Amino acid sequence: MPRYVCIHGHFYQPPRENPWLETVEVQDSAHPYHDWNERVTAECYRQNAASRILDGAGRIVHVVNNYARISFDLGPTLLAWMAAHAREVYAAVLQADRDSQERFSGHGSAIAQAHSHLIMPLANARDRRTQVVWGIRDFVHRFGRPPQGMWLPETAVDLHTLELLAEHGIRFTILAPHQARRVRASGTEQWAEVTAAEVDTSRPYRLALPSGASLALFLYDGPISRAVAFEGLLADGARFAGRLLAAFPPAASGHQLVHIATDGESYGHHHRHGDMALAYALHELEASDGVELTNYAEFLERFPPRHDVEVNEHTSWSCGHGVERWRADCGCADGGHPGWDQAWRQPLRAALDWLRDELAPRYVDLARRYLHDPWAARDAYIDVLLDRSAREAFLREHARRDLAADERSAVWKLLELQRHAMLMYTSCGWFFDDLARIETVQVLRYAGRAVQLAGDLFGDGLERRFLEHLADARSNDPDEGDGRRVYERHVRPAMVDVHKVVADHAFSALFDPHEVPTATRAHTVTLDAHATMTAGDARLATGRAQVRSTITDERARVEYVVLHLGDHNLDGGVRDAGDDEAYAAMFADLRAAFAMADFPATIRRLDRHFGTRRYSLSTLFRDEQRRILRTILDSSIQDARAAYRSIFRSRAPLMRYLTELGVPLPRTFQRAADVVVNDDLRRAFADEHLDAQHVQSLLDDARAWSVDLDAVGLAHALNATIERVTGQLARELPLLERSDPERLEFFRRAVTLVRLARSLPFEVDLWRSQNLFYDTLRRHDPNLQRRAARGDPRARAWVGHFQELGDALGVSVDARPL
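Overview of the structure. Computed from a predicted structure; not experimentally measured. Residues take numbers from 1 onward in each chain, read along the sequence in its written order. It should be noted that, the model being predicted, local features are given only for residues of pLDDT at least 70 and side-chain atom pairs only at 80 or more, the latter also being counted only at that level, while totals for whole chains, interfaces and linings use all residues. The basis for the side-chain values is all heavy atoms of the structure; hydrogens and waters are excluded.

**Focus on the overall build of the chain**
This is how the line gets drawn: Numbering of helices and strands runs from the N terminus; a helix is a DSSP stretch of H or I covering at least four residues, while a strand is a stretch of E covering at least two. Relative accessibility under 20% of the residue-type maximum defines a buried residue, over 50% an exposed one, and the middle range a partly exposed one, all with a 1.4 Å probe and only protein chains included. Throughout, a contact is declared for two residues whenever any of their heavy atoms are within 4.5 Å. Charge convention: Lys and Arg are scored as positive, Asp and Glu as negative, and His as well as the terminal groups of each chain are ignored. To locate a charge, the coordinates of NZ of Lys, CZ of Arg, CG of Asp or CD of Glu are taken.
Regarding its fold elements, the chain presents 29 helices and 19 strands. Seen through its principal axes, the chain has C-alpha atoms that stretch 95 × 80 × 55 Å. The buried share of the chain, reckoned over its 818 residues, is 56%. Partitioning the intrachain contacts of the chain with sequence separation of at least 6 by distance along the chain shows that 70% fall at a separation of at least 24. Positive and negative side-chain charges in the chain, numbering 100 and 116 respectively, have mean positions lying 2 Å apart.

Quick look at the structure:
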C-alpha cells in the first residue's frame, strides 16, 4: 500500500504595527531590513515561494514553490502585512493553494488559523468565538474557499475551543503527540492511556465532543519535528527525506502517514537554506517508490479515522507545563537570560483581564444604542477590516437606524476598542524572558490603544486604574522597573492623536513638500494655507489642516506652526482651529518675531499660542524622524565626504608609498580611503555598463589599504543593477530572438556583472536574478538545444549565450519546472 508523507509549516509573525498608525515602524534590531517582518520574509517566506533544487555541481536545476507541496497555515495578521508589503510572496502563497488543489484531489494545502494568535484556553468564551469566526472569514477572503482545518495558536487546546471549530465547519486540527490522553479503536469500549512516545501518530483520530459533534485530530511525529526545529536535520535535504522514510514501520498494515509540524520559519529563517533542504526532501520523497506526498484534508477524505482519542486539555506544543507559559513563572523561556524569572506573566495577564472585563459592559451599553447585537457586530467587523469599503453594508445589516456622522465614528471606535482588546492577548507577549521585550511592549501598546479609545468613548479614568494593576508586574531589568514604568516609557510615546499626525506632516512639508504623503494607513491629511518663510538658514511654516482617521472616521480641523532653526533643532505647535481672526493674529504675531530673526521671541510666542501642544524631532513618527534626520545629516555628510576625497586625491601617492613600506596608514588617511573607495565602488556598481578594469583597480586598492568595505550597501547596489539587466533581458527576449545573437550586449553585460558579484569578498544576493533567468529559460524555445546539436549556427550561438549566463548565475540551462 502507498505510504504517505505530509509536512506542515506554521508560518507566523506577531503583529508589529503601531496600533495608532496601522504600520510597522522601523526596527533597528532587524538591520539591514526595515523591520522583522521584512527580514523574515527575505530569509524565509520568499525563499519558500521559489526554492532551489541543485544538481551535483551545485547548479540550480529546479525552482519550486514549497508551499504547493506541503500543508501550511499563515497567520492572518502576517498575510495582511504581506498583501501590502510583499505582494509577490503573497501571490505565490495564494497560487500554491490553488496548485495544491490540483495536486491533492481538490484539497488545498492551506488551513486557517485563529485570528490574533491568542492562547485559546485562556481566552473567555466571547473572544474564542470571535477568533474562530475572524480566522475563517479572513481565510475565505484570501483563499476563496472555506478552510477544512484550523491551526490553534501554540496548539493550545481545550474542549470548548474544539467545540467551536466543529460548530463552524472545521474538520480537523493538528496537535502534538503528548496532547493525546488516551485512545481506542472505534466501536470498542476499552481505552488505552498513552504517552507521547506510545501514541501512534501515523493515523488520524476521531474526537467525540460533548455536544455530540466530532472532529478529526492529527498528532504529528514529535521526534522528527524536534529534529527539524532544534537538531540540525535541515542541514541535509537527503538526510531529512531519509529520516521521514525511516519512520514508516517496516511491516505495517493499512495506510500509513508520516507527518511533522514545525514553525515554518525553520525553513530559512531559523536555519539558513532550510527551504532548500525542504525542497530537496520533497523532491526525493516524490521520486521514492510507494511514497506519496499528501495534505491532511486529502488523507482524511481517503482514510477517515478508525480510532478515537481524548485530549489532555490546557496543553500546548511549546510549554511542558500545559499553558502556564502564558500566565505563570513556569520556567519556560527563550533561555537568553538564565538568571531571570517570569513572575511578571501572571500580573500582566491579570491586568489585561481586568481591563477586558471593565471594557466589555461599557462596550455593550454604548453599542446597544447603535447596533442590534454588539457581539454579533464584533464578529462581523472582520469584513470591514478586510475591506474598508464594506462599511456601508456593515451598517445596513447591524445598525438600528441611520446613524449621524458622530454616531458612526462612535461605532467604529467601539469596534476598534474590541479589536485591540483581543490583540493585547497575542501569545508572543508572554513567550519570552521579560516584561520589557518588544513583544510584550507590543501587547501593552494594544492595551494602550484600547484605553485611549475608552477614554474617548466613556470619559473615565480607566488608564489610571489599569496602570495600578500593571505596576504589580516587574521587569528583570532594574532600569525598566515595573509595568507602569514600562508603559510610560515605551507605550505612551507611541500614542498618536490628530495633533501629532498633523505635526508629523507639517514637519515633513517643511523639509520636502513634494515627498509628504497625503495619507497613511490610518489617516488622511490635507494641509491648507501652508505658507513658509526663511530667515537666514531658519525656516518657519504655518497653516491649517484637515485630518480624518481612515479607521474611526474621526475628523478634525487644526492649525499649526513648525520651526527649523538648523540641524536637529525643530519646534512646533498644533491646536484645534479657531476663527479666522484668531488664526490671522497668531500668524502675524509669530511671523513678526521670525522676520526679525528673533528666534528666542519666536519660541516664546509658540509657548504662548500652543502651550503644551508642542512637538519636536523626538516626537515624530519613527520612520519620518529617520527620513528628516537623513535630510539634516546629508549636507554635513557630503561636506565630510568632500573633505576626505580632497585628502585622498592629494595624498594617494603617499598612501601607496606607505603601503609598499608596510607602514600602517594614519587614521585620517585610512578614513579617507574607506570613504572614497566605497563611494567609487558604489557608483561603479550602479552602472550597468560596468568598467571591470576600474572596479578591479578599486578592489586592489581596498585590499592594499585594508579598506572597511560597506558590504551591505555595495551588495545592494550591485544586486539592483544585475536585477535591472536580467529583468530587461527577460522582458525583451521576444525581440532579441529576432536579432543577431552574436551581438546581444544584454548577455555580455549580465555575465560581466554576475561574475564580478561572484568574485567579491562579500555575498551578493542573486536570488531574484536567478528566478528571472530560470523563467526566461522556461519561456524560450524548447527545441533550441536540439537545433544546436544538428549544427544550426544561430541556435548554437543562443545556447552559448544561455550557457555562459547560466554558468555565471549557477543555473543549469537544462533547468525545467517539476
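**Examining the nonpolar core**
Note the threshold: Nonpolar core, defined: a set of buried Ala, Val, Leu, Ile, Met, Phe, Trp, Tyr and Cys residues in which side-chain atoms within 4.5 Å join the residues together.
One finds Ile7, Met82, Phe240 and Phe466 to be the most contacted residues of the largest nonpolar core, which totals 171 residues. At 10 residues, the largest contribution of residues to this core is made by helix 10 (residues 345-367). When neighbours within four sequence positions are excluded, phenylalanine 466 is seen to be in contact with Ala351, Leu352, Trp354, Leu355, Leu444, Ala447, Val451 and Tyr487.

**As for the sheet that holds strand 15 (residues 523-535)**
Put simply, the test is: A pair of strands is labelled paired if DSSP reports no fewer than 2 bridges between them. Here the axes come from fitting lines to C-alpha atoms, over the contacting stretch only for helices, and the angles between their N-to-C directions go from 0 to 180 degrees.
What the five strands build is an open sheet, ordered 15-16-17-18-19; its pairing is antiparallel. Unpaired on one side and paired on the other, strand 15 and strand 19 (614-615) mark the two borders of the sheet. Note: strand 18 (residues 570-576) against strand 19, two bridges, orientation antiparallel. Directly across from glycine 572, in strand 19, lies its bridge partner tyrosine 615. Lying over the sheet, helix 19 (residues 498-511) contacts strand 15, strand 16 (538-549), strand 17 (555-564), strand 18 and strand 19, oriented at roughly 45 degrees with respect to strand 17. Helix 20 (residues 580-595) rests against strand 15, strand 16, strand 17 and strand 18 of the sheet, and its axis sits at about 155 degrees to strand 16.

**Notes on the pairing of strand 1 (residues 3-11)**
When you tally the buried positions in strand 1, you get eight out of nine residues, the bulk of the element. The pairing of strand 1 with strand 13 (residues 291-293) spans three bridges and is classified as parallel. Pairing of tyrosine 4 across the sheet is with glutamate 292, part of strand 13. Note that strand 1 and strand 12 (residues 256-263) share eight bridges and pair parallel. In the sheet register, cysteine 6 faces strand 12, and the bridge partner there is histidine 259. In the sheet, strand 1 pairs with strand 4 (residues 71-74) via four bridges, with the strands oriented parallel.

**Here's the deal with a nonpolar patch on the surface**
For clarity, the cut-off: A patch consists of residues exposed above 30% relative accessible area that lack any salt bridge, with like charges linked at up to 9 Å and nonpolar side chains (Val, Leu, Ile, Met, Phe, Trp, Tyr) linked at up to 5 Å. The accessible surface values rely on the Shrake-Rupley method and a 1.4 Å probe; as for residues, cover is taken only from the protein chains in view. Every case where a carboxyl oxygen of Asp or Glu lies within 4 Å of a side-chain nitrogen of Lys or Arg is listed as a salt bridge.
Together, Leu654, Tyr657, Leu661 and Val663 line one region of the surface with nonpolar side chains, adding up to about 370 Å² of accessible area. Positionally, valine 663 belongs in the loop between helix 22 (622-661) and helix 23 (667-685).

**Side note on the packing of aromatic side chains**
Quick note on the threshold: What counts as a ring pair is set by centres within 6.5 Å for rings of Phe, Tyr and Trp (its six-membered ring), and what kind of pair is set by the plane angle: stacked under 30 degrees, edge-to-face over 60, tilted for all other angles. Criterion for a charge above a ring: Arg CZ or Lys NZ at most 6 Å from the ring centre, at most 35 degrees from the ring normal.
Evaluated as defined, the whole model comprises 24 aromatic pairs. Measuring from ring centre to ring centre gives 5.7 Å for phenylalanine 172 and phenylalanine 218, while their planes differ by 85 degrees; the resulting arrangement is edge-to-face. Here phenylalanine 172 is found in strand 7 (residues 172-175), whereas its partner phenylalanine 218 is found in strand 11 (residues 214-219), with 46 residues between them in sequence. In this structure, phenylalanine 172 and phenylalanine 218 share a single accessibility class: buried. Ring centres of tyrosine 220 and tryptophan 317 lie 6.1 Å apart, and the angle between their planes is 80 degrees; this geometry places the pair in the edge-to-face category. Here the residue tyrosine 220 occupies a position in the loop between strand 11 and helix 6 (222-230), and tryptophan 317 occupies one in the loop between strand 14 (307-311) and helix 10, the gap between them amounting to 97 residues. Linked through ring pairs, Phe11, Tyr45, Tyr67 and Phe72 together constitute an aromatic cluster. Positioned above the aromatic ring of phenylalanine 248, the side-chain terminus of arginine 3 is 5.0 Å from the ring centre. Between arginine 539 and the ring centre of phenylalanine 511, over which it is positioned, the NZ or CZ distance is 4.9 Å.

**What to know about the environment of leucine 620**
By the element assignment, leucine 620 lies in the loop between strand 19 and helix 22. In sequence terms leucine 620 and alanine 494 are 126 residues apart; their C-alpha atoms lie 9.4 Å from each other.

**As for the pattern of salt bridges**
Within the structure shown, the criterion is met by 59 salt bridges. Of the charged contacts in the structure, one is a salt bridge between arginine 544 and glutamate 559, with a shortest N-O distance of 3.4 Å. Separated by 15 residues along the polypeptide, arginine 544 in strand 16 and glutamate 559 in strand 17 bring together distant segments of the chain. By relative accessible area, which is 6% here, arginine 544 ends up buried. Using a relative accessible area of 1% as the deciding quantity, one classes glutamate 559 as buried. Here glutamate 688 and arginine 724 are joined by a salt bridge, their closest N and O atoms 3.2 Å apart. Of the two residues, glutamate 688 sits in the loop between helix 23 and helix 24 (692-704) while arginine 724 sits in helix 25 (residues 711-736), which places them 36 residues apart along the sequence. For glutamate 688, a relative accessible area of 17% translates into the label buried. Accessibility expressed as a relative area gives 36% for arginine 724, which makes it partly exposed. Here the salt bridges share partners, and the residues they tie into one network are Glu358, Arg362, Asp460 and Arg465.

**Things to note about the environment of alanine 730**
Mapped onto the fold, alanine 730 is located in helix 25. Relative accessible area serves as the criterion here: at 10%, alanine 730 is assigned to the buried category. Residues alanine 730 and alanine 281 lie 449 residues apart in sequence; the distance between their C-alpha atoms is 30 Å. Apart from residues no more than four positions distant in its own chain, alanine 730 is found in contact with Leu772, Thr776 and Arg779.

**Looking at the packing of helix 20 against helix 21 (residues 599-610)**
The following threshold applies: Any angle that falls under 35 degrees is termed roughly parallel, while one over 145 is termed roughly antiparallel, one within 65 to 115 roughly perpendicular, and all others oblique. Left-handed describes a crossing whose near helix is turned anticlockwise from the far helix through less than a right angle; right-handed describes the clockwise counterpart. Asp, Glu, Lys and Arg are counted as charged, while Ala, Val, Leu, Ile, Met, Phe, Trp, Tyr, Cys and Pro are counted as nonpolar; the rest, among them Gly, fall into the polar class.
Here helix 20 crosses helix 21 at 160 degrees, and the two axes come no closer than 8 Å. As summarised for this structure, helix 20 and helix 21 are arranged roughly antiparallel, according to the angle between their axes. Between helix 20 and helix 21 lies a crossing whose hand is left-handed. Contacts between helix 20 and helix 21 involve Met586, Asp589, Leu590, Ala592, Ala593 and Phe594 from the first element and Phe599, Ala601, Thr602, Arg605, Leu606, Arg608, His609 and Phe610 from the second. Its residues assigned to classes, the contact of helix 20 with helix 21 shows nine nonpolar, two polar and three charged.

**Structural notes on the state of the cysteines**
In plain terms, the rule: Cysteine sulfur atoms are paired as a disulfide whenever they come within 2.5 Å of each other.
For the structure on display, the rule yields zero disulfides. The closest cysteine sulfur to the non-disulfide-bonded cysteine 428 is located on cysteine 319, 15 Å from its own sulfur. Residue cysteine 428 is classed as buried on the basis of its relative accessible area of 13%.

**Concerning the environment of glutamate 688**
Stated formally: Counting of polar contacts relies on pairs of N or O atoms within 3.5 Å, with two restrictions inside protein: one atom must be capable of donating a hydrogen and the other of accepting it, and residues adjacent in sequence are counted only when both atoms are side-chain atoms.
For the pair glutamate 688 and alanine 720, spaced 32 residues apart in the sequence, the C-alpha separation amounts to 9.6 Å. Sequence-distant contacts of glutamate 688, defined by excluding residues within four places in its chain, comprise Thr721, Arg724, Val725, Gln728, Arg749 and Leu753. Side-chain polar atoms of glutamate 688 contact the side chain of arginine 724, separated by 3.2 Å.

**Things to note about helix 1 (residues 36-49)**
The cut-off we apply is this: How far a helix is expected to stretch is found by multiplying one less than its residue total by 1.5 Å. One fitted axis covers the seven residues ending at a residue, a second covers the seven starting there, and the bend at that residue is the angle between these axes.
Helix length check: helix 1 (14 residues) gives 18 Å between terminal C-alpha atoms against 20 Å at 1.5 Å per residue, within 8%. The principal kink in helix 1, of about 50 degrees, is found at alanine 42. Within helix 1, burial applies to Trp36, Asn37, Val40, Thr41, Ala42, Cys44, Tyr45, Arg46, Gln47, Asn48 and Ala49. Measuring from the side-chain oxygen of the N-cap residue of helix 1 to the backbone nitrogen of asparagine 37 gives 3.0 Å; that N-cap residue is aspartate 35.

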